[in-house]
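# Structural characterization, general
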Amino acid sequence: MRSGLRVALLVSALGLAPRFATAELTEIGRIAVPAEIKVRFLLVSPDGEQLTAACRDRKLRVWSLPSASPSRLLRTLEVDGESISALAYSHDGAWVGASTGNGTVAVFRARTGEPAARLIIGGKARAGLRLGAIAISPDGSRIAVAPMNTPPELWDVASAKRRAILATSFGGSNALDFSPDGTRLASADEDTTIRLYDADGGLRATADDLPLESFALAFTPDGKQLVLGGADKRITLIDGMTGKVVRQLPKQADSIAWLAARRAGGTVVSGSFKDESMDLPGATLAWALDGSAPREISAQQQFNGGGAVKDGRLLLTTMAEGAIVVWAAR
Amino acid sequence: MPSARLSRRELLEKSIAAGVASVAAGLTPAAIAAAWDEAAARPRTPENALGPFYKKHAPDTRTMRIAGDPGMPLAVSGGVFSTRGEALPEATVEVWHTDNRGRYDIDGYRYRARFKPAAGGSYAFDSIMPGHYPDRVCQHVHYLVTAPGHRPLVTQLYFATDPVFEGDPDKNFGRDPLIVSRELVRPVMLVGDPGDVHAVVTLDLVLERL
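### Considerations on the overall build of chain A
For chain A, the count of helices and strands is 1 helix and 29 strands. The buried share among the 330 residues of chain A stands at 59%. Of the roughly 12800 Å² of accessible surface on chain A, 50% is carried by carbon and sulfur atoms.

And the structure:
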């Protein structure tokens, strides 16, 4: 959550130790962030090799993640437009993109930082055209964006032209994801419906039996299922082709804000927030998709940008005073 | 107000055919109907964000307040119209808001309702004054209004008495960055006895044709 960072920073500033519920979570490194750089939110690449930070100066900063050697700043990428509103990697980690608060999108080759595309949604940058979510197809040829309060759109990167306006009954979309093979696009829409499209934006299936909004969705690594989480405080699995509900996992105490299913095998990690406020972090949980109860990773720490699995460990990140903290959970 | 089931043009044509209206030479019924529509046009109600806690299948009721509910009783009313000024009794109005402590009922349907306007397009509901949701600056009531042949309207109602405005909503409505239009901040009339004060607010809902 955008303002969740404030909570994490406050925890750090007060010198409070995070109260982790399990002993399996260990800090594996800190990335020093100079005082003049204000990090807004983070995203770990699907292969766990790098970390991209959306910064207040409208730049992306990409660090290597600590492994055998310490982290280092790999590159700084320029993003035109107002403040960065969303980040996304493609499923294979080949592409990274950012959207902004005035309708612009920038896409880069993740491993080199080479600019791949710049799009202006609607043809002209407009104040207030906040793009709340983006998704990049694995081949980098398509980008889906979610303008605030209006239906999501599918864009062609090579021609910089819009291919389709995707349907909603009302409102916009909270989350978008391409299937790992790039043949399908899923949207979690504010009208509570999950919609499945083909790569050209043709509607193929809907799941409209959820009464509350899903805030996050992610295809499973095999692309067969779609994992949903949101205000109903539970994980729902739907068929990745038909949209039919396959399974709902046990309901928890907090609304689910983000999900990470990529390369995590049969496990999904969720971050959450309390009913009282979206600023109050709830539990971070690891869910086995077979339907058993989830395992708590942390009761109240606000992770952001985590979820990638590397060397059998789940990588998660938090903000601290002057640093990004990288955690690993087994 | 003409019948909602008859368009202005149909009404005019019917009146001419029945001899109860006549048109001067050089004027066509279509031109007159267009001028009539223009004169009656109403601006679309400003849109506002849907918010994160919309819930489908709200109960069909106009009474969300239960006796003993904490919070000042609130009565909201208005009309549902098209931008041509026609009443839309076939619309469906959904409203939802927090309790007086600022919490949405996510597990159930407290302070959530859906209903149809009356034949003339008027609507009314009873509830309580919502509290301040911690992530929002101002008290608010969410609306989703749908009607056949019209663009859905997603908006929010705010209260001029909200302490955030410090008595001057004209000057201070921008303190909530989500309030996109001063028009959505409505005057509040306090009525009743000193021991039983109700807040009364009006908001018309104007939908754009598809």
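Once the structure has been displayed, the description carries forward.
### Remarks on the overall build of chain B
Assigned secondary structure in chain B consists of 3 helices and 10 strands. Seen in sequence order, chain B has helices and strands lined up from the N terminus as α-α-β-β-β-β-β-β-α-β-β-β-β. Counting across all 210 residues of chain B, residues that qualify as buried make up 45%. When contacts within chain B are restricted to residue pairs at least 6 apart in sequence, long-range pairs at least 24 apart make up 72% of them. Total accessible area on chain B stands at roughly 9800 Å², and carbon and sulfur atoms take up 55% of it.

### Side note on the environment of Thr 45 of chain B
All names here are of chain B. Relative to the assigned elements, Thr 45 resides in the loop between helix H2 (29-40) and strand S1 (73-82). Owing to a relative accessible area of 2%, Thr 45 belongs among the buried residues under this scheme. Along the sequence, Thr 45 and Glu 183 sit 138 residues apart, while their C-alpha atoms lie 8.3 Å from each other. Those residues in contact with Thr 45 that lie beyond four places of it in its chain are Leu 153, Thr 155, Leu 184, Asp 204, Leu 205 and Val 206. Side-chain polar atoms of Thr 45 contact the backbone oxygen of Asp 204, separated by 3.4 Å. At a separation of 2.7 Å, a polar atom in the side chain of Thr 45 contacts the main-chain amide nitrogen of Val 206.

### So, the sheet that holds strand S16 (residues 194-198) of chain A
All names here are of chain A. The strand order S14-S15-S16-S17 describes an open sheet built from 4 strands, whose pairing is antiparallel. In the strand order of this sheet, the two ends are held by strand S14 (173-178) and strand S17 (203-207), each with one partner. Across the sheet, the mean angle separating the axes of adjacent strands is 20° when strand polarity is ignored. Sheet analysis places strand S15 (residues 184-189) next to S16, joined by 5 bridges and oriented antiparallel. Residue pairing in the sheet places Ala 186 in a bridge with Leu 196 of S16.

### Side note on the pattern of salt bridges
Summed over all chains, the structure comprises 30 salt bridges over all chains. One salt-bridge network, held together by shared partners, links Arg 142, Asp 156, Arg 163 and Asp 200 of chain A.

### Concerning the side chain of Asp 69 of chain B
Residue and element names in this part refer to chain B. Locating Asp 69 in the fold gives a position in the loop between H2 and S1. Within the structure, Asp 69 has its side chain in polar contact with the side chain of Arg 110 (distance 2.6 Å). Every residue in contact with Asp 69, bar those within four places of it in the chain, is listed here: Met 64, Arg 110, Tyr 111 and Ile 128.

### A look at unusual backbone geometry
Backbone geometry places Ala 160 of chain A, a non-glycine residue, at a positive phi of 55°. Mapping Ala 160 of chain A onto the fold places it in the loop between strand S12 (153-156) and strand S13 (161-165). Residues other than glycine seldom take positive phi values, yet Tyr 111 of chain B does so here, at roughly 60°. Tracing the backbone through its elements, the reader meets Tyr 111 of chain B in the loop between strand S2 (92-96) and strand S3 (112-115). Residue Tyr 111 of chain B is classed as buried on the basis of its relative accessible area, which comes to 6%.

### Some details on the nonpolar core
Counting 29 residues, the largest nonpolar core has Leu 25, Trp 258, Ile 297, Phe 303 and Leu 316 of chain A together with Phe 53 of chain B as the members making the most contacts within it. Among the elements of the structure, strand S22 (255-260), strand S23 (267-274), strand S28 (313-320) and strand S29 (323-329) of chain A are those that each provide at least two residues to this core. Membership of the second largest hydrophobic core comes to 28 residues, among which are Tyr 111, Ile 128, Leu 153 and Ala 199 of chain B.

### Concerning the sheet that holds strand S7 (residues 95-100) of chain A
Residue and element names in this part refer to chain A. As summarised here, the arrangement of the 4 strands in space is S6-S7-S8-S9, forming an open sheet in which the pairing is antiparallel. Unpaired on one side and paired on the other, strand S6 (84-89) and strand S9 (115-120) mark the two borders of the sheet. Sheet twist, expressed as the mean angle between neighbouring strand axes with direction ignored, is 15°.

### Here's the deal with the confidence of the model for chain B
Residues and elements named next belong to chain B. For chain B, the average pLDDT comes to 87, and 81% of its residues sit at 70 or higher. Taken as a whole, residues 1-5 scores under 50 in pLDDT and shows 8 contacts with residues more than four places along the chain or in a different chain. As a predicted assembly, this complex carries a pTM of 0.84 together with an ipTM value of 0.80.

### A closer look at the interface of chain A and chain B
At the junction of the two partners, chain A supplies 23 residues and chain B supplies 19 residues. Buried area between chain A and chain B, summed over both chains or domains, comes out near 1700 Å², and the portion from carbon and sulfur atoms is 59%. For the chain A face of the interface with chain B, the top three residues by lost area are Phe 170, Leu 212 and Glu 276 of chain A, together amounting to 30%. On the surface where chain A and chain B come into contact, there are 2 salt bridges. Residue Lys 251 of chain A is joined to Asp 107 of chain B by a salt bridge in which the shortest nitrogen-to-oxygen separation is 3.1 Å. Run the count over chain A and chain B and you get 4 residue pairs in polar contact (both at pLDDT 80 or more). The greatest single-element share of the side of chain A that touches chain B, amounting to 3 residues, is contributed by strand S24 (residues 277-281) of chain A.

Reading the values: rules and limits
Residues numbered from 1 in each chain as written. Chains lettered and ligands numbered in written order. Predicted model: local features only at pLDDT ≥ 70, side-chain atom pairs only at ≥ 80, totals over all residues. Heavy atoms only, no water. Helix = DSSP H or I, 4+ residues; strand = E, 2+ residues; numbered from the N terminus. Buried < 20%, exposed > 50% of the residue type's maximum accessible area, 1.4 Å probe, protein only. Areas by Shrake-Rupley, 256 points an atom, 1.4 Å probe, with all protein chains shown as cover. Contact = heavy atoms within 4.5 Å. Polar contact = N/O pair within 3.5 Å; in protein donor to acceptor, adjacent residues only side chain to side chain. Pairing = 2+ DSSP bridges. Axes fitted to C-alpha atoms, helices over the stretch in contact; angles between N-to-C directions. Salt bridge = Lys/Arg side-chain N within 4 Å of Asp/Glu carboxyl O. Core = buried A, V, L, I, M, F, W, Y, C linked by side-chain atoms within 4.5 Å. pLDDT = per-residue confidence, 0-100. Buried area = accessible area lost by both parts, 1.4 Å probe.

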